[in-house]
Structure formats: structure tokens, C-alpha cells
Amino acid sequence: WPWPLNPKIDDSNEFNRVSMAPLGKAPLLLHRMLLYVEEDPANAIADSTLYLGTAMASLSGTISAGRAQMDLFGCVVVAVITAIGGGTTRDLILGRAVYWVADRAHLLIALIVAISTFVVWPFLTTHLASVDASDLVFLWSDAIGMAASAVIGAHIGLETTRLRLVGVMAGV
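> Would you take a moment to explain the packing of aromatic side chains for this structure?
The geometry of an aromatic ring pair is captured by the separation of the ring centres together with the interplanar angle, meaning the angle of the planes. The final tally for this structure, using the stated rule, is zero aromatic pairs. The residue whose ring lies beneath Arg67 is Phe138, and the NZ or CZ to ring-centre distance is 5.3 Å. Above the ring of Tyr99, the side-chain terminus of Arg90 is found at 5.5 Å from the ring centroid.

This is how it looks when you write it as C-alpha cells:
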């Protein structure tokens, strides 16, 4: 489970077992996410921002690679490098543990978004009203990915060193 907090959930209650049984583990995972948000809202927002940045960077990387006529493997490689490359470089320069090694959800998000985009993007581009609409999807996903990475990078740089200049540089 990608969330750092693993609260204990009492599913011994007959009502909980019966009501959650038809839906599998999805309600249990949602319940854990909500408990995590209640317990530590600041970290939940930071984690969500980082996951969003990973997804959006992977989306823009896949679109860029697809426009260059790359196959699925090429699109996935470009998407994963786009999604986790900057944070990996930041962590190595700051002497920290690389974030996606400890939290594999980032790698999984990048892979899922890349493969999904590769499969769905040709269909979307044929059904979007114009080429401008597909350009907007690329520009917005790229902008959201860069914004999330800048905010989280600056936060990590400041948290690690307590130096404003390093915070600014880590956010770039």
C-alpha cells in the first residue's frame, strides 16, 4: 500500500465484513486513505501533490514520445524518466534516499499512466475537436507536473538543508 500510514481497521464487526464483501478490498483501501488524511493532512496533501506530479509528468512524457512516433517501450521509458528523473537527481544531489525506491507507487503510477496514455491517446486525438485541444492536454499536464515538482522539490530542499538557496535550486 503506497500510503505511509497503515492504520488498523476493525473488520471483525459482522456489518463491516458483510457490507465490504461484494466490493472486495476497495472500501478498505479508501478507508485507509481517509484515515491517513485525518491523521496527518499536511503529509496527505504533500503525498497527493507528488503523486499528481508523477502522473502528469508521465502523461506529458508519453505524449511527447508518441509524437516522435515511438513504440510502447519507448513511450514508457520516456514517460518514466520524465516522471521520476528530476526527483531522482534531486535526491542524489542532496544525499537522500531516492524517493521512488522507498515508495514504489511513483513507479507504478508512471507505468500505468504511460501505458494507458499510449493505448488511449490515438483514440482521443481522432475524436478531439482540433489539434489545439490535444496540445492543450499536453501543455496542461506538463504545467501541472512541473508545478507539483517545483513545490515538492523546494519543500524537500528546505527540509533537508534548511538553506533557502538550496530550497530554490531543488525546486527547479
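So much for the structure itself; the text now carries on.
> So what exactly am I meant to see when it comes to the confidence of the model for the protein here?
In low-pLDDT segments, the atomic positions of the prediction should not be examined closely. Of the residues in the protein, 74% reach a pLDDT of 70 or more, and the chain-wide mean stands at 80. The least confident element of the protein is helix 1 (residues 14-20), whose mean pLDDT is 42; the most confident is helix 4 (residues 72-94), at 95. Contacts of residues 13-24 to residues separated by more than four positions or lying in other chains number six contacts, the stretch itself having pLDDT below 50.

> What is the right way to look at unusual backbone geometry in this model?
In terms of backbone geometry, most residues other than glycine have negative phi values and most peptide bonds are trans. The phi dihedral of Gln69 is positive, around 65 degrees, even though this residue is not glycine. In this fold, Gln69 is placed in the loop between helix 3 (41-67) and helix 4. Backbone geometry places Arg162, a non-glycine residue, at a positive phi of 65 degrees. Within the secondary structure, Arg162 sits in the loop between helix 7 (131-161) and helix 8 (164-171).

> What is the right way to read the pattern of salt bridges from this model?
Opposite charge on two side chains allows them to pair when their charged atoms are near. Evaluated as defined, the whole model comprises three salt bridges. Notably, a salt bridge pairs Arg67 with Asp135, separated by 2.7 Å at the nearest N-O pair. Placement of Arg67 in helix 3 and of Asp135 in helix 7 is noted, with a sequence separation of 68 residues between them. The class for Arg67 is partly exposed, based on a relative accessible area of 43%. In this structure, the salt-bridge partner of Arg96 is Asp91, at a minimum N-O distance of 3.5 Å. On the accessibility criterion, Arg96 (28% relative accessible area) is partly exposed. One network of salt bridges, in which partners are shared, links Arg90, Asp91 and Arg96.

> How should a nonpolar patch on the surface be read in this particular structure?
A contiguous nonpolar surface patch, about 570 Å² in accessible area, is contributed by Leu72, Leu111, Ile115, Val119, Val120, Phe123 and Leu124. Considering each element in turn, the nonpolar patch owes the most residues, six residues, to helix 6 (residues 105-127). Ile115 sits in the partly exposed class, given a relative accessible area of 40%.

> Looking at this structure, I do not really get the nonpolar core. What am I missing?
Nonpolar side chains in soluble globular proteins tend to end up buried together. Within the largest apolar cluster, 13 residues are counted, with the highest numbers of intra-cluster contacts made by Val80, Ala83 and Ile84. Secondary structure elements with two or more residues in this core: helix 3, helix 4, helix 6 and helix 7. Contact partners of Ala83, with chain neighbours within four places excluded, come to Thr54, Ala57, Ser58, Tyr99 and Ala110. Grouped together as the second largest cluster of nonpolar side chains are seven residues, Met56, Ile63, Val113 and Trp121 included.

Calculation notes
- Residues numbered from 1 in each chain as written.
- Predicted model: local features only at pLDDT ≥ 70, side-chain atom pairs only at ≥ 80, totals over all residues.
- Heavy atoms only, no water.
- Phe/Tyr/Trp six-rings, centres within 6.5 Å; stacked < 30°, edge-to-face > 60°.
- Lys NZ or Arg CZ within 6 Å of the ring centre and 35° of its normal.
- pLDDT = per-residue confidence, 0-100.
- Helix = DSSP H or I, 4+ residues; strand = E, 2+ residues; numbered from the N terminus.
- Contact = heavy atoms within 4.5 Å.
- Salt bridge = Lys/Arg side-chain N within 4 Å of Asp/Glu carboxyl O.
- Buried < 20%, exposed > 50% of the residue type's maximum accessible area, 1.4 Å probe, protein only.
- Patch = residues over 30% accessible without salt bridge, like charges linked within 9 Å, V, L, I, M, F, W, Y side chains within 5 Å.
- Areas by Shrake-Rupley, 256 points an atom, 1.4 Å probe, with all protein chains shown as cover.
- Core = buried A, V, L, I, M, F, W, Y, C linked by side-chain atoms within 4.5 Å.

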